[in-house]
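Structural characterization, general
Listed below, chain by chain, are the residues.
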Amino acid sequence: SILIDKTQSLCFLLKRKDSSIQLGCFSYFIEFKTKIKVVSISINKGYLFDSIKGIYMKGPNAYYDSVYKHYRNVNFEKKWERENFVEVFDESGNKILNQSAGIKIFGGMTKYLPEKSMRLIARKKYGNSRFNADLYNVGKKKYKQFILRHSGGDYRSLRFKDAMSTSLAKESNLDVQESCPAHVFINSEYWGVYNIREKLNEYYIDNHYNCGTEGVDLLQGNSTVDEGRKSDYLKLLKYVRTNDLKNTSAYAKVNEMMDTRNFINFWIYQIYFANPDVRGNIRYWKSDSLDRKFRWIVYDTDLGFSPDKIKRNMLKDFTSPTKTRWYNPKWSTFLLRYLLKNESFKTDFINQSAFILSTTLSEDHINKRIDEFKNLYEEEMKIHFSKRKKFQTYQGSLKNWYDCIQGLKYFTKKRTIYSYEHLQEKFSLKKPFKVILNIYNPNNGTVKINQNIIKNPTFAKFHFFSEIEIPITITPNIGYESTGYSQQTIKGKSGDSLMINITFKKKKKSPEKVIINEIDYSNNCFEVFNQGNKPVNMSDWKIMDLNKNIHLVENLILPKKRFAVFHFNPISNKIDTVL
């Protein structure tokens, strides 16, 4: 028997001459209560802190760079990997992961901070080539790597700023790294609250899009390749540079090479966050197994939401044809500047900016999300500041943590107003008009504004610009119809208010006796039969599929007691053709 009366990790090893084989570790937590995950790492202490080989150390060959104001040629700059044993416990204390793995120091400039983020890698040589666990509360998945991130430049403050910012962007279907908070222990010593984050690589793309890892191009910054190749991205840049994007056909070609709506959404969030670090953290990808379109990933937003940048006109900076600040060299703003020459892109950029500023980036919604993160982290940060390892001179404080939350809310209170002003200045727009949208019985239909589904349909408020009409699509569910607003666009006068009421109600039972008689999945068709004693004019009847695509029936009179077959093919129907 072994008495364990304090938090402890017990590891078993098989010793053979001068080497040892790790057989597994078991961590025990005594008087440690939490509602978030726990990660326990067991590792040879020298692998981290040995003055010569430790990956956390400066090492014997370090020198101070007076230009960059930090040490260079340090151990933690190197791509050294060390073996460790990692355990992950879920919010209920159940062990969901336990295996040998590799560990590296992770990050760009944050590697030079006293506290560092770490990367865990599954390799066959350690035992398993994947981490098979529900690391992010999205279901059990296989991961090649995951990050224990201390929140970058936010590491002595909130410890969740990037996790919160990117979660907002995710609401607009942008790719982000999943995140889950966790307490980290290393060799039984408490290190604090970290965020378990996904590693951006070809495995990340496969996990999210089920497209395999072959044929994935993942790049960053000024076309630096992380995975795959950059030839297709360079072709995109060349095409944009050498063609007149005011031309409809040229812009259509660009849409074949990149997802322009995704690109618009990416920049709307970065501009709102006032994130200067987007310059070095532009991430974009495509897969040959999908539609071969480039899409952008919102990544590393720790420098955003800063109260001292609340008035900063990032829209002006990121559309400037010349470099005006350190973060807007011409290569980083090139695509956005050139695409804005196209009227369709510019219209969508303005409308989409107004939509997102009215919804996901509205003051009410962001404050709600800030409070969600505050409630998730608050008790855990009390543990973090009172118990964590003391390996740096300044750890932050709980008081500062609360102050930083108020800083987020102060930024949120003012930033939307300035964002609208920056749009007005950039595109010579008048003061926006207000739209109040009421949807009654919203479960019986769908409303899209500028192709965005209205997710919170009761008493939604928007601010749009009068110079541009905003598309609206109202789609009742099968068996329902809509009443009230019937226009296909929203338009108003500057400074005015517009009330839009939409009601979805059940249709009256049809007197027609037309039934679906047969479905032929092999030939992509279905058959209807007129049971009635009189012909039925089916012209303008609508067929809706599961994806709510609507197909209109044209020029069809179905005689009594007769059949019609509707095909997926261009041949729309055939009377009495039974397959």
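Just above sits the structure.
1. Remarks on the pairing of strand E22 (residues 470-476)
Counted residue by residue, E22 has five buried out of seven residues, so it is predominantly covered. Two elements, E22 and strand E24 (residues 489-490), share two bridges in a ladder whose sense is antiparallel. Note on E24: the bridge partner recorded for Pro471 is Thr489.

2. Digging into the sheet that holds strand E19 (residues 445-449)
Strand order in the open sheet made by the four strands is E20-E19-E22-E24, with antiparallel pairing throughout. On the outer flanks of this sheet lie strand E20 (452-453) and E24, each paired with one strand and no other.

3. Brief notes about the pattern of salt bridges
Overall, the coordinates contain 37 salt bridges when judged by the stated rule. Of the charged contacts in the structure, one is a salt bridge between Arg149 and Asp300, with a shortest N-O distance of 3.1 Å. Of this pair, Arg149 sits in strand E11 (residues 145-149) while Asp300 is found in the loop between strand E17 (295-297) and helix H7 (314-317), placing the two residues 151 residues apart along the sequence. The same class applies to Arg149 and to Asp300, which are both buried. Between Asp232 and Lys235 there is a salt bridge, with the nearest N and O atoms lying 3.9 Å from each other. Of the two residues, Asp232 and Lys235 both sit in helix H4 (residues 231-242), three residues apart, roughly one turn of that helix. Of the residues examined, Asp232 reaches a relative accessible area of 13% and is grouped as buried. Salt bridges linked by common partners bring Asp217, Arg229, Asp232, Lys235, Lys286, Asp288 and Arg292 together as one network.

4. Considering empty space enclosed by the protein
Across all of its chains, the model carries three cavities of 30 Å³ or more by this definition. In this structure, the largest cavity spans a volume of roughly 120 Å³. Around the largest cavity, the lining residues are Ile268, Ile271, Tyr272, Leu315, Phe349, Ser353, Leu357, Arg415, Ser419, His422 and Leu423. Broken down by secondary-structure element, the contributors of at least two residues to the lining of the largest cavity are helix H6 (260-273), helix H9 (343-358) and helix H11 (398-427). Partitioned by chemical class, the residues of the lining of the largest cavity number seven nonpolar, three polar and one charged. The calculated volume of the second largest cavity comes to roughly 70 Å³. Looking at the second largest cavity, the residues that line it are Tyr143, Lys144, Gln145, Glu198, Lys199, Asn201, Tyr203, Tyr204 and Asn207. The dominant element in the lining of the second largest cavity, judged by the number of residues it contributes, is helix H3 (residues 202-209), at three residues. Here the residues of the lining of the second largest cavity sort into three nonpolar, three polar and three charged.

Cut-off values and rules
- By convention here, each chain's residues receive numbers from 1 onward along its written sequence.
- The predicted nature of this model means local features are confined to residues of pLDDT at least 70 and side-chain atom pairs, given and counted, to a pLDDT of 80 or more, with totals for whole chains, interfaces and linings taken over all residues.
- By convention in this description, side-chain values take in all heavy atoms of the structure and omit both hydrogens and water.
- Three exposure classes are used, based on accessible area relative to the maximum for each residue type with a 1.4 Å probe and protein chains only: buried under 20%, partly exposed in between, and exposed over 50%.
- Counting from the N terminus, the helices are DSSP H or I runs at least four residues long and the strands are E runs at least two residues long.
- Should DSSP find at least two bridges between two strands, the strands are taken to pair.
- Salt bridge, as used here: a side-chain nitrogen of Lys or Arg that lies within 4 Å of a carboxyl oxygen of Asp or Glu.
- Site definitions follow a grid-based scheme: protein atoms alone, a 1 Å grid, a 1.4 Å probe that fits but cannot get out for cavities, and for pockets an open set with protein on both sides within 12 Å along at least five of seven lines, plus lining residues having an atom within 4 Å of a point.
- Grid points are joined across faces, edges and corners, and a volume is the space filled by probe spheres set on the points.
- Gly counts as polar in this scheme, as do all residues outside two lists: the nonpolar Ala, Val, Leu, Ile, Met, Phe, Trp, Tyr, Cys and Pro, and the charged Asp, Glu, Lys and Arg.

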